[in-house]
Every structure is written in structure tokens, then in C-alpha cells.
Amino acid sequence: MKEHYFTCPYCWENISMLLDNSVSKQTYIEDCEVCCNPIQVSVQFLNSELIDFQADSIE
């Protein structure tokens, strides 16, 4: 697992999520820990290193 900090696309707060680096490419929905709005998270790892991260509103 790898902790990653980013800005919520709804409330603009700096938040963190634990990302599973054992799967090379993932897309899933997770709620913001501050405002509880759903965020679509897309991540890509190469050799367990994060190479791409996107956090988008689902609206």
C-alpha cells in the first residue's frame, strides 16, 4: 500500500488515500474523507511505483 496526497475535486481539501500498488492499473470510486462526495480514482503503477494518478468528480 502506498499513501498518496491530492486535492479533492469537490471541497478542494488536501486529503490522502491508501493505494494498492500490487495491481498495476485500477479505477474505482472512493468517498472524500472530508466532504463525503464520491471521487473516481484512476491509478497506474509500474514496478510498484505510481506513474499516473487522477481524481475526478463523477458529476
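For the structure, check the block above.
Bear in mind that the values here come from a model prediction, so they are computed numbers and not experimental data.

Enquirer: Give a description of the pairing of strand S2 (residues 14-19) that names residues and reports values.
Expert: Pairing of strand S1 (residues 2-7) with S2, which is carried by six bridges, proceeds in the antiparallel orientation. Across the sheet, the residue bridging to His4 is Met17, located in S2. Here S1 folds back onto S2, and the loop between the two strands holds six residues, one of which, Trp12, carries a positive phi near 65°.

Enquirer: An account of the sheet that holds strand S4 (residues 38-46) is requested, with residue identities and associated values reported.
Expert: Reading across from one edge, S3-S4-S5 is the order of the three strands in this open sheet, with antiparallel pairing throughout. Looking at which strands have only one partner, the edges of the open sheet turn out to be strand S3 (25-31) and strand S5 (49-57). With direction set aside, neighbouring strand axes in the sheet form an average angle of 20°. Bridge analysis of S4 against S5 gives eight bridges, and the strand direction is antiparallel. By the bridge assignment for S5, Gln44 is matched with Asp52.

Enquirer: Give me the lowdown on the environment of Cys11, citing residues and values where you can.
Expert: Along the polypeptide, Cys11 turns up in the loop between S1 and S2. We classify Cys11 as partly exposed; its relative accessible area is 25%. Between the C-alpha atoms of Cys11 and Val41, which are 30 residues apart in sequence, the distance is 16 Å. Beyond its immediate sequence surroundings of up to four residues, Cys11 is in contact with Cys32, Val34 and Cys35.

Enquirer: Explain the packing of aromatic side chains to me, and be specific about the residues and the numbers.
Expert: What the rule picks out here adds up to one aromatic pair. The interplanar angle of 50° and the centroid separation of 5.0 Å between the aromatic rings of Phe6 and Phe53 together place this pair among those described as tilted. In this pair, Phe6 is assigned in strand S1 and Phe53 in strand S5, connecting sequence segments 47 residues apart. Both residues of the pair, Phe6 and Phe53, belong to the buried class.

Enquirer: Just give me the short version of the nonpolar core, but keep the residues and values in it.
Expert: Formed by 13 residues in total, the largest nonpolar core has its most connected members in Phe6, Ile39 and Phe53. Secondary-structure elements contributing two or more residues to this core are S2, S4 and S5. Considering each element in turn, this core owes the most residues, four residues, to S4. The residues contacting Phe6, other than those within four sequence positions of it, are Glu13, Asn14, Ile15, Met17, Ile39, Phe53 and Ala55.

Rules used in this analysis
- Residues numbered from 1 in each chain as written.
- Predicted model: local features only at pLDDT ≥ 70, side-chain atom pairs only at ≥ 80, totals over all residues.
- Heavy atoms only, no water.
- Pairing = 2+ DSSP bridges.
- Helix = DSSP H or I, 4+ residues; strand = E, 2+ residues; numbered from the N terminus.
- Axes fitted to C-alpha atoms, helices over the stretch in contact; angles between N-to-C directions.
- Buried < 20%, exposed > 50% of the residue type's maximum accessible area, 1.4 Å probe, protein only.
- Contact = heavy atoms within 4.5 Å.
- Phe/Tyr/Trp six-rings, centres within 6.5 Å; stacked < 30°, edge-to-face > 60°.
- Core = buried A, V, L, I, M, F, W, Y, C linked by side-chain atoms within 4.5 Å.

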